[in-house]
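Descriptive analysis of the structure
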Amino acid sequence: MNMGRVKLWKQVEGWGFIEGEDGEDYFFNISSLRGGQRIRENSTVKFDTEETHKGTQAINVSLT
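In this report, the structure presented in the accompanying data block is examined. (Residues numbered from 1 in each chain as written. Predicted model: local features only at pLDDT ≥ 70, side-chain atom pairs only at ≥ 80, totals over all residues. Heavy atoms only, no water.)

So, the overall build of the protein chain
Selection rule: Counting from the N terminus, the helices are the DSSP runs of H or I reaching at least four residues and the strands are the DSSP runs of E reaching at least two. We compute the radius of gyration from the C-alpha atoms alone; for a globule the expected value is 2.2 Å times N to the 0.38, where N is the number of residues. Buried means the residue's accessible area, taken with a 1.4 Å probe over protein chains only, is under 20% of the maximum for its type, while exposed means over 50%, and partly exposed covers the values in between. Whether two residues are in contact is decided by their heavy atoms: any pair within 4.5 Å suffices. Just so you know, the count uses Lys and Arg for positive and Asp and Glu for negative, and it drops His and the chain ends. To locate a charge, the coordinates of NZ of Lys, CZ of Arg, CG of Asp or CD of Glu are taken.
When helices and strands are counted, the protein chain shows zero helices and five strands. Each helix and strand of the protein chain, placed in order from N terminus to C terminus, yields the pattern β-β-β-β-β. Relative to the globule expectation of 11 Å for 64 residues, the C-alpha radius of gyration of the protein chain, 10 Å, shows essentially globular dimensions. The buried share of the protein chain, taken over its 64 residues, is 30%. At a minimum sequence separation of 6, the contacts of the protein chain that also span at least 24 residues come to 43%. For the protein chain, the centre of its 8 positive side-chain charges and the centre of its 10 negative side-chain charges are spaced 9 Å apart.

What follows is the structure, encoded as structure tokens:
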């Protein structure tokens, strides 16, 4: 499980980026959020990663 903070969150579009503790940025979309979670920019989150054809993305994103 990785830790980071929400760097950018586009609520209307349903996507954003997490800045991981490792300094990398990870794309995520609303389908990657655990049910019922409401996030904002600068929220501290934990997440897993998954390799996709577009690169590494955050999945299973939840508030800490």
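Read on, since the account is not over.
A word on the pattern of salt bridges
The criterion, for reference: Any carboxyl oxygen of Asp or Glu within 4 Å of a side-chain nitrogen of Lys or Arg constitutes a salt bridge here.
A full pass over the atoms with the stated rule returns two salt bridges. Note that Glu 19 and Arg 5 form a salt bridge whose closest N and O atoms lie 3.1 Å from each other. Of the two residues, Glu 19 is situated in strand E2 (residues 15–20) and Arg 5 in strand E1 (residues 2–10); the sequence distance between them amounts to 14 residues. For the salt bridge of Asp 25 with Lys 7, the shortest nitrogen-to-oxygen distance reads 2.8 Å. Of this pair, Asp 25 sits in strand E3 (residues 25–29) while Lys 7 sits in strand E1, and the two are 18 residues apart along the sequence. Judged by its relative accessible area of 38%, Lys 7 falls in the partly exposed class.

Concerning the nonpolar core
The line we're drawing: To form a nonpolar core, buried Ala, Val, Leu, Ile, Met, Phe, Trp, Tyr and Cys residues must be joined to one another through side-chain atoms within 4.5 Å.
Among the nonpolar cores identified, the biggest contains eleven residues, and these are Val 6, Trp 9, Ile 18, Tyr 26, Phe 28, Leu 33, Ile 39, Val 45, Phe 47, Ala 58 and Val 61. The set of elements that each furnish at least two residues to this core consists of E1, E3, strand E4 (44–52) and strand E5 (55–63). With residues near it in sequence (within four places) discarded, Phe 47 still touches Met 1, Asn 2, Met 3, Gly 4, Ile 18, Gly 20, Tyr 26, Ala 58, Ile 59, Asn 60 and Val 61.

As for the pairing of E5
Our working rule: At least two DSSP bridges between two strands are required for those strands to pair.
Here E4 pairs with E5 via seven bridges, running antiparallel. The residue of E5 that forms the bridge with Val 45 is Leu 63. The antiparallel hairpin formed by E4 and E5 contains two residues in its connecting segment.

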